[in-house]
Amino acid sequence: MTKNSLIILIVAVLISFVAGFVVANSFNRNELVRLETELTNAKNDIQKNTEQTLSIDEIKLKIAEADKNPDNLEFQKTLGIALYKYANLKQDTTLFDDISRLLIRANKLDTGNVETLGTLGNLFLDKAISKADSDSFKESRKYYEYALKLQPNNAQIRSNLGSTYLLQMPSDLEKAIAEFKKAIEINKKLEQANEGLIQSYILQNNAELAEVYLKKLKEVNSKNATIQDFETQIGKMKSK
C-alpha cells in the first residue's frame, strides 16, 4: 500500500460516520447549544484555514461537568459526539480518552443506540490507526458488530468494519473484502466500500478485480480523489 493511498483511505474512514448533533435535554441545554454553535464555527474556521479553535479549558470544563453527572444519558452522548466531531476535524487525538469515557458511559445507559455505537467504533478505529494499536482495532470491531446486530443493512458501518480488517497489521484481506462486498450489496454508490475493495485487491496483487471495482468507482464518482493513485498502482502491477 502506498503512503498516499493509505492516507486517502484513512481520511475516508475518519470522516465517513461523523454524526450530527442531537438536541440537548433540559440539563444545561443552553450550554450545549452554545458548544454546538462554537463547534460549527470551528469547522468553518478550519475550512478557511484559520487558527481559531475552542479553548481547551472550555472543553475540559464540559467534560468535568459530564463526569459529575454520569447518569445523564443525553449529556454524555451529545458532548461525546460533539467532541468527536471536533477532534476529528482538528485531527487531535489528545481528547480520545475523554471522548471514549463519555461515549462508553452513554452506551451503558442505552445499549441500543446505533449512533453511539458507530461513533465508538470510529473513535477506536482512529485510535488504532494513530497509535498502531491492535487492541483498539478489536474494540472498534466490537462496537461496529454491535451496531450491525441492530442495523444489519447499515452499509456505512459495514464498510467501516471492513476497514478494520484492511488497516490492521497484518491485514486480513479476505474478511475485509467480504465486508466491503456486503456494504456494496446494500449501497452500490458507497465510495468508501469500493475504495476498500480496490485497495484490498491491489494488496492481493489482483489487478483484474482491482480494475473491476475501479470502473465501478468511476461510475459512482468520476472525480473521486483516489482514482488517479489507484490507476498508477494497477498500472505498475500490470507492467511487471
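The structure displayed is predicted, hence computed values, not measured ones.

### Section: unusual backbone geometry
Item 1. The amide bond that connects M169 to the next residue, P170, takes the cis arrangement and shows omega of -5 degrees.
Item 2. Structurally, P170 can be placed in the loop between α8 (155-167) and α9 (173-186).
Item 3. In the Ramachandran plot, Q91 falls in the positive-phi region, its phi being about 55 degrees despite a non-glycine side chain.
Item 4. Note on placement: Q91 falls in the loop between α4 (73-90) and α5 (96-109).
Item 5. Residue classification places Q91 among the exposed residues on the basis of a relative accessible area of 69%.
Item 6. In this structure, N205 takes a positive phi of about 60 degrees despite not being glycine.

### A few points about the nonpolar core
Item 1. Judged by nonpolar contacts, the single largest core of 54 residues is most densely connected at L83, L95, I99, L197, I198, I202 and L214.
Item 2. Residues within four places of L95 in sequence aside, it is in contact with I56, I59, I63, Y86 and A87.

### A short note on the environment of D67
Item 1. With respect to the secondary-structure elements, D67 resides in helix α3 (residues 56-68).
Item 2. Classification of D67 as partly exposed rests on a relative accessible area of 30%.
Item 3. There is a polar contact of 2.9 Å between the side chain of D67 and the side chain of R101.

### Regarding the packing of α3 against α4
Item 1. Packing of α3 against α4 brings their axes to within 10 Å, and their N-to-C directions diverge by 155 degrees. On the basis of the axis angle, α3 is roughly antiparallel to α4. Judged by the twist between their axes, the crossing of α3 over α4 is left-handed. When α3 is examined against α4, the residues I59, K62, I63, E65 and A66 are found in contact with a partner set consisting of F75, Q76, L79, L83 and Y86.
Item 2. Its residues assigned to classes, the contact of α3 with α4 shows 7 nonpolar, 1 polar and 2 charged.

### A short note on the side chain of S159
Item 1. Position of S159 relative to the elements: it lies in helix α8.
Item 2. Residue classification places S159 among the buried residues on the basis of a relative accessible area of 0%.
Item 3. Residues in contact with S159, not counting those within four places in the same chain, are F180, A183, L190, Q192 and A193.

### Some points on the packing of aromatic side chains
Item 1. With the rule as written, the count across this model stands at 3 aromatic pairs.
Item 2. Pairwise contacts between aromatic rings join F124, Y143 and Y146 into one cluster.
Item 3. The side chain of R141 reaches across the aromatic face of Y165, ending 4.1 Å from its centre.
Item 4. Seen from the ring of Y213, K216 lies directly overhead, with NZ or CZ sitting 6.0 Å from the centre.

### Here's the deal with the packing of helix α10 (residues 191-203) against helix α12 (residues 227-239)
Item 1. The contact between α10 and α12 brings their axes to 11 Å, and the two run at 25 degrees. Classified by the angle their axes make, α10 and α12 are roughly parallel. At the point where α10 passes α12, the crossing takes the left-handed sense. Every residue of α12 that contacts α10 at E195, I198, Q199, Y201 and I202 is listed here: F230, Q233, I234 and M237.

### Some thoughts on the pattern of salt bridges
Item 1. Inspection of every chain in the model, using the stated rule, returns 12 salt bridges.
Item 2. The partner of D67 in a salt bridge is R105, and the shortest N-O contact between them spans 3.1 Å. Separated by 38 residues along the polypeptide, D67 in helix α3 and R105 in helix α5 bring together distant segments of the chain.
Item 3. Judged by its relative accessible area of 18%, R105 is buried.
Item 4. Here the salt bridges share partners, and the residues they tie into one network are K60, D67, D98, R101 and R105.

Here is what the cut-offs are and how they apply
Numbering of residues starts from 1 in every chain and runs along the sequence as written. Whole-chain, interface and lining totals are the exception, using all residues; otherwise, since this is a predicted model, local features are given only for residues with pLDDT of at least 70 and side-chain atom pairs are given and counted only at 80 or more. As a rule here, side-chain values cover all heavy atoms of the structure and leave hydrogens and water aside. Secondary structure elements are defined from DSSP: runs of H or I of at least 4 residues count as helices, runs of E of at least 2 residues count as strands, and each element is numbered from the N terminus. Partly exposed describes any residue whose relative accessible area lies between the buried limit of under 20% and the exposed limit of over 50%, with all areas from a 1.4 Å probe on protein chains only and scaled to the type maximum. Remark: nonpolar core denotes a set of buried residues (Ala, Val, Leu, Ile, Met, Phe, Trp, Tyr, Cys) joined through side-chain atoms within 4.5 Å. Only heavy atoms enter the contact rule, under which two residues are in contact if any of them lie within 4.5 Å. Definition of a polar contact: a pair of N or O atoms within 3.5 Å, with one able to donate and the other able to accept a hydrogen when the atoms are protein atoms, and with sequence-neighbouring residues admitted only if both atoms are side-chain atoms. To get an axis, a line is fitted to the C-alpha atoms, and for a helix only the part in contact is used. The angle between two axes follows their N-to-C directions and goes from 0 to 180 degrees. Angle categories: roughly parallel below 35 degrees, roughly antiparallel above 145, roughly perpendicular from 65 to 115, and oblique for all the rest. If you view the pair so one helix is near and one far, a crossing is left-handed when the near helix is turned anticlockwise from the far one by less than a right angle, and right-handed when it is turned clockwise. Residues are grouped as follows: Ala, Val, Leu, Ile, Met, Phe, Trp, Tyr, Cys and Pro are nonpolar; Asp, Glu, Lys and Arg are charged; every other residue, Gly included, is polar. Pairing of aromatic side chains here covers Phe, Tyr and the six-membered ring of Trp, requires ring centres within 6.5 Å, and sorts the geometry by plane angle: under 30 degrees stacked, over 60 edge-to-face, intermediate tilted. Distance and angle both matter: a charge sits over a ring if NZ of Lys or CZ of Arg is within 6 Å of the ring centre and within 35 degrees of the ring normal. Between Lys or Arg on one side and Asp or Glu on the other, a salt bridge is scored when a side-chain nitrogen of the former is within 4 Å of a carboxyl oxygen of the latter.

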